[in-house]
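Read off the chains here:
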2 protein chains.
Amino acid sequence: MKHKIYVVGLGPGEANMMTAQAAKVLEESDVIAGYQGYLKLLGDQFAEKELISTMMRQEVDRCRMAYEKAMEGKNVSLVCSGDAGIYGMASLMYELSPEYPDCELEIIPGITAASSGAALLGAPINHDFCVISLSDLLTPWEQIRRRLTAAVEGDFAIVLYNPASRKRPDYLKRACEILLEKAEPSRACGYVENIGREGTKTEVCSLIELREKPVNMFTTVFIGNSQSVILNGKLVTKRGYRI
Amino acid sequence: MKHKIYVVGLGPGEANMMTAQAAKVLEESDVIAGYQGYLKLLGDQFAEKELISTMMRQEVDRCRMAYEKAMEGKNVSLVCSGDAGIYGMASLMYELSPEYPDCELEIIPGITAASSGAALLGAPINHDFCVISLSDLLTPWEQIRRRLTAAVEGDFAIVLYNPASRKRPDYLKRACEILLEKAEPSRACGYVENIGREGTKTEVCSLIELREKPVNMFTTVFIGNSQSVILNGKLVTKRGYRI
């Protein structure tokens, strides 16, 4: 029988936004592996488990540690914030899988920030949408630019992950400038900070206002499509029902 | 105090793929409103609740019924499959909200088919992606065509919702032909039927093969980006880590 490893999406942070399936898998694990910040999200509930973590940017090491623990016969869960398969560790685990033929992966999905952020802002992605990360650590900026342009040309609602970091303070501004080449300055937008964690904050604004907003790595940004509206402070992208 | 209405995403179907937050809200509701098919997904667990439903395509009536029940002082949850804010009822409820100023909405997110289907297929949307519905009930086909073209020009991974129905048996084929104008025939793809329900089935294939596949309204389709691969039967879109 193969050693099974669960790659688990924790959702935005609060324990009650995890699925029952994810909670059960963690409960049954001997080892929980993940980025330190995410293990903290779990709180004291799993204090008796063997917790193994690495720092940010040591993702390959973290995945290998999960495989090694599974090879020792332990039940292992590798945790990710949000969804394990959306900017999470699922793909890297599959890429490494040929080196560990005795292991088998199961991906346990979680609520990604596009969903949890949208719920707080109103209904910004209630029609066709794109999700784009502004982080150029692993993706050339020219590719990100190309995707921003395509997204606005297709009139998608857009969700931006990783809109800024300390080393990239102006990336949201750069993205807004690319979008403003094709979209009207009044385009309805919004953003959410610290979804499912302390200090949750939402704000709606126009695209031209969004360009000047201070955001950080805990912000998720939403840009409406050309038909989106701000309605009583909520960002709403209609599906087209006649009311 | 305003009457609160919860618009709740149930996830793909199995109760254990709902969040704890969604389960709690339903438990505390007097009335659960929704499309008949979704109320069935809930099973017997909520048999003592007042269940109100309408048929498919009576979405506006269903939303108004939820508001009316809330105005009577009942705790109301309006349920949607997947995520309430992704092709769900969240936007329509906000559009109707000016008519019911004494009511207040809270959106409870759920696992959408992009996440749950991806988890079964491998890691197909582990980088930037688009979600497009092929249903032209509320969206002109020309708009759908424009979005498909933009998605492939931006080299996004793509998730297709509603790829076919009895009245639209050939829509996936039409979509694949649009994508094949820009994407290579060997592009890695896959699809999932009946996610989180009986008869779950996954398959991976090339884009040219996908064009001929029989799909239905319970199928979710995934088209990789130009770098996606099929690895041991799993569809994987890499993030770009060096391993």
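Provided above is the structure to which this section pertains.
Not measured: the values here are computed from a predicted model.

## Side note on the overall build of chain A
Inference 1: Helix and strand content of chain A: eight helices and 13 strands.
Inference 2: The C-alpha atoms of chain A give a radius of gyration of 19 Å, which matches the 18 Å a tight globule of 243 residues would have.
Inference 3: When burial is assessed residue by residue, chain A has 59% of its 243 residues classed as buried.
Inference 4: The long-range fraction of contacts in chain A, counting pairs at least 24 apart against all pairs at least 6 apart in sequence, stands at 69%.
Inference 5: Carbon and sulfur atoms make up 48% of the accessible area of chain A, which amounts to about 9800 Å² in all.
Inference 6: Each charge sign in chain A was given a centre, from 28 positive and 31 negative side chains, and these centres are 5 Å apart.

## Some points on the nonpolar core
Inference 1: Counting 58 residues, the largest nonpolar core has Leu160(A), Leu210(A), Leu160(B) and Leu210(B) as its most contacted members.
Inference 2: Among all residues touching Leu160(B), those that are not within four sequence positions of it are Ile132(B), Leu134(B), Leu148(B), Leu172(B), Ala175(B), Thr219(B), Thr220(B), Val221(B) and Ile223(B).
Inference 3: Counting residues in each nonpolar core, the second largest holds 34 residues, with Val192(A), Ala114(B), Val131(B) and Ala188(B) among its members.

## Regarding the relation of the copies chain A and chain B
One copy of the chain maps onto the second through a rotation around an axis plus a translation along that axis.
Inference 1: It takes a turn of 180 degrees to lay chain A on chain B, together with a shift of 0.0 Å along the axis; the resulting RMSD is 0.0 Å. Expressed as an axis order, the relation between the two copies is that of a two-fold axis.
Inference 2: Looking at chain A, 100% of its interface residues are interface residues in chain B too, so the copies touch through the same face.

## Concerning the pairing of strand 8 (residues 157-161) of chain A
All names here are of chain A.
Inference 1: Along strand 8, five of the five residues are buried, which leaves the element largely enclosed by surrounding structure.
Inference 2: A two-sided burial pattern is seen for strand 8, the buried positions comprising Ala 157, Val 159 and Tyr 161 on one face and Ile 158 and Leu 160 on the other.
Inference 3: Where the polypeptide runs from strand 7 (residues 129-133) across helix 6 (residues 141-153) and back to strand 8, its parallel neighbour, the crossover connection is right-handed.
Inference 4: Pairing between strand 8 and strand 11 (residues 219-223): three bridges, direction antiparallel. Bridge assignment links Leu 160 to a residue of strand 11, and that residue is Val 221.

Conventions adopted
Residues numbered from 1 in each chain as written. Chains lettered and ligands numbered in written order. Predicted model: local features only at pLDDT ≥ 70, side-chain atom pairs only at ≥ 80, totals over all residues. Heavy atoms only, no water. Helix = DSSP H or I, 4+ residues; strand = E, 2+ residues; numbered from the N terminus. Rg over C-alpha atoms; globule rule 2.2 N^0.38 Å. Buried < 20%, exposed > 50% of the residue type's maximum accessible area, 1.4 Å probe, protein only. Contact = heavy atoms within 4.5 Å. Areas by Shrake-Rupley, 256 points an atom, 1.4 Å probe, with all protein chains shown as cover. Lys, Arg positive; Asp, Glu negative; His and termini not counted. Charge placed at Lys NZ, Arg CZ, Asp CG, Glu CD. Core = buried A, V, L, I, M, F, W, Y, C linked by side-chain atoms within 4.5 Å. Least-squares fit on C-alpha atoms with pLDDT ≥ 70 in both. Right-handed = clockwise from strand over helix to strand, strands pointing away. Pairing = 2+ DSSP bridges.

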